[in-house]
Amino acid sequence: MKPPRVVLFDLDDTLFAHRAAVADGILLHLDRVGGAFASSDRTAATVLWHALEEEHYHSYLAGALTFAGQRRARAQDFAASFEIVLTDTEADQWFDEYFQSYRSSWRLHDDALPCFEELSEVIPAVRFGLITNGDPVFQGDKIRRVGLGDRFEQVVTSGALGFAKPDARIFEHACALFGVPVEEAVYVGDRLRTDAVGAAAAGLTGVWLDRAGASAAAAAGVAAAAVADTNDAARLGVLRIDTLASLSGLFAARLGA
């Protein structure tokens, strides 16, 4: 195996601890809002908020909602579960206040920064980039706030391009920016279909960062989709790790280092 010239990363839940920040943020926000929100089942509230993000953010990625619209829909649907109706203006304000709590919880996964140093030791000439599904301004703010601003030569966002992972074009575009063929690039992400399978189908080496463990998908009730994704991953040669601390070792072993 030739050493990759470029390693590309996903942002949310790969480098950036997004789900943890969402969970912390919504609970802080509910405590501040008070009333029925503060007295709710905290576990159920967190699960619901994650589910609404998944639903409405993907509607934004598909072009069915604007970035602001998906935020408003999340706030309105969450409030509706408490039999509270929010106007558009109220929902925007509710989300803005939640966002401050979410933003205060931003942090990297502990294995994120060491990963760059370890990869550079194993592959001295390696270059780094990032591909993320999201709004360029919002994602750019995250990148700077958590200290990743100087880590990447190129940052590619779906919001700027108009198409999102797993569309092959976003991976091909990133490789073109680096001036490397797709087969000389690696993509690392926490979503099997969106990240690893999508990258591998585009010709890159796809690496699935399975932080939660493969059993989590089945436990969430998506066993059939998980089987199909796993079959495609095997067919395309997707590699699997459960921590970024394993990434450099994966390539060291394959390169004979």
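Residues numbered from 1 in each chain as written. Predicted model: local features only at pLDDT ≥ 70, side-chain atom pairs only at ≥ 80, totals over all residues. Heavy atoms only, no water.

A.B. asks: Please explain the pattern of salt bridges as it appears in this structure.
C.D. replies: Pairing is possible between side chains of opposite charge, provided their charged atoms come close. Taken as a whole, this structure holds 19 salt bridges when the rule is applied. Where Asp232 meets Arg235, a salt bridge forms, and the shortest distance between an N and an O atom there is 3.3 Å. Here the residue Asp232 and the residue Arg235 both occupy positions in helix α12 (residues 223–236), the gap between them amounting to three residues, near one helical turn. (Salt bridge = Lys/Arg side-chain N within 4 Å of Asp/Glu carboxyl O. Helix = DSSP H or I, 4+ residues; strand = E, 2+ residues; numbered from the N terminus.)

A.B. asks: So what exactly am I meant to see when it comes to the packing of aromatic side chains here?
C.D. replies: Each pair of aromatic rings is reported with the distance of its centres and the angle of its planes. Counted under the stated rule, the structure contains 26 aromatic pairs. Relative to Tyr98, the ring of Trp49 has its centre 5.0 Å away and its plane inclined at 75 degrees; by these criteria the two rings are edge-to-face. Of this pair, Trp49 sits in helix α3 (residues 42–61) while Tyr98 sits in helix α5 (residues 88–104), placing them 49 residues apart in sequence. One exposure class covers both Trp49 and Tyr98, and it is buried. Summarising the aromatic geometry, the rings of Phe116 and Phe152 are spaced 5.8 Å apart at their centres and angled 70 degrees between planes, so their arrangement reads as edge-to-face. Remark: Phe152 occurs in the loop between α7 (136–145) and β3 (154–157) and Phe116 occurs in helix α6 (residues 112–122); sequence separation between them is 36 residues. (Phe/Tyr/Trp six-rings, centres within 6.5 Å; stacked < 30°, edge-to-face > 60°. Buried < 20%, exposed > 50% of the residue type's maximum accessible area, 1.4 Å probe, protein only.)

A.B. asks: Would you take a moment to explain α6 for this structure?
C.D. replies: Side chains of residues three or four places apart in an α-helix project in the same direction, reflecting 3.6 residues per turn. The set of residues buried in α6 consists of Ala112, Cys115, Phe116 and Leu119. The arc enclosing the buried residues of α6, seen along the axis, measures out at 100 degrees, which places them on a common side. (Arc of directions from axis to C-beta.)

A.B. asks: How do you make sense of the packing of α5 against α7 when you look at a structure like this?
C.D. replies: How two helices sit against one another is set out by the angle between their axes and by the gap between those axes. Between α5 and α7, whose axes approach to 12 Å, the crossing angle comes to 35 degrees. Across from Phe99, Tyr102 and Arg103 in α5, the residues of α7 making contact are Phe138, Asp141, Lys142 and Arg145. For the contact of α5 with α7, the residue count by class is three nonpolar, no polar and four charged. (Axes fitted to C-alpha atoms, helices over the stretch in contact; angles between N-to-C directions. Contact = heavy atoms within 4.5 Å. Nonpolar A, V, L, I, M, F, W, Y, C, P; charged D, E, K, R; others polar.)

A.B. asks: Looking at this structure, I do not really get the sheet that holds strand β2 (residues 127–132). What am I missing?
C.D. replies: Two orientations exist for strands paired in a sheet by backbone hydrogen bonds: parallel and antiparallel. The strand order across the open sheet built from six strands is β3-β2-β1-β4-β5-β6, with neighbouring strands paired in parallel fashion. The sheet is open, and its two edges are formed by β3 and β6 (239–241), each paired on a single side. In this sheet, adjacent strand axes meet at a mean angle of 20 degrees when their direction is disregarded. Here strand β5 (residues 205–209) pairs with β6 via three bridges, running parallel. Of the residues in β6, the one forming a bridge with Leu209 is Ile241. Along the sheet face, helix α10 (residues 192–201) touches β4 (185–189) and β5 and points at about 160 degrees away from the line of β5. (Pairing = 2+ DSSP bridges.)

A.B. asks: Quick question: what am I supposed to make of the side chain of Thr46 here?
C.D. replies: With respect to the helices, strands and loops of the structure, Thr46 is situated in helix α3. Residue classification places Thr46 among the buried residues on the basis of a relative accessible area of 13%.

A.B. asks: Explanation requested: the side chain of Asp229 in the structure shown.
C.D. replies: For Asp229, the position within the fold is in helix α12. Sequence-distant contacts of Asp229, defined by excluding residues within four places in its chain, comprise Leu192, Arg193 and Val197.

A.B. asks: For this particular structure, what's the right way to read α3?
C.D. replies: Taking 1.5 Å per residue as the helical rise, α3 with its 20 residues ought to reach 28 Å, and the 28 Å between its terminal C-alpha atoms agrees with that figure. Those residues of α3 that sit buried are Ala45, Thr46, Trp49, His50, Leu52, Glu53, His56, Tyr57 and Tyr60. Elements that come into contact with the buried residues of α3 comprise α1 (18–33), α4 (67–80), α5 and α8 (158–161). Its side-chain oxygen at 3.0 Å from the backbone nitrogen of Thr43, Asp41 defines the N-terminal cap of α3. Just past α3, the residue Gly63 takes up positive phi, approximately 90 degrees. (Expected span 1.5 Å × (residues − 1). Polar contact = N/O pair within 3.5 Å; in protein donor to acceptor, adjacent residues only side chain to side chain.)

A.B. asks: Explain the environment of Ile170 to me, please; I cannot follow it from the model alone.
C.D. replies: Within the secondary structure layout, Ile170 lies in helix α9 (residues 168–178). For the pair Ile170 and Ser158, spaced twelve residues apart in sequence, the C-alpha to C-alpha distance is 7.4 Å. Aside from chain neighbours lying at most four places away, what touches Ile170 is Ile131, Asn133, Val156, Thr157, Ser158, Leu161, Phe163, Ala164 and Lys165.

A.B. asks: What is the right way to look at unusual backbone geometry in this model?
C.D. replies: Residues other than glycine predominantly adopt negative phi, and peptide bonds predominantly adopt the trans conformation. Omega for the bond connecting Lys165 with Pro166 falls within 30 degrees of zero, at 15 degrees, which places this linkage in the cis form. Structurally, the position occupied by Pro166 is in the loop between α8 and α9. Of note, the phi angle at Asp13 is positive, near 70 degrees, even though the residue is not glycine. Positive phi values are uncommon outside glycine, yet Glu83 reaches one of about 60 degrees.

A.B. asks: Even after reading the chapter, I still don't get the state of the cysteines, so can you show me in this structure?
C.D. replies: Should the sulfur atoms of two cysteines be covalently bonded, the bond is a disulfide. On inspection of all chains with the given rule, the structure shows zero disulfides. Cysteine Cys115 is unpaired, with the sulfur of Cys175 as its nearest cysteine sulfur at 17 Å. For Cys175, a relative accessible area of 2% corresponds to the buried category. (Disulfide = S-S within 2.5 Å.)

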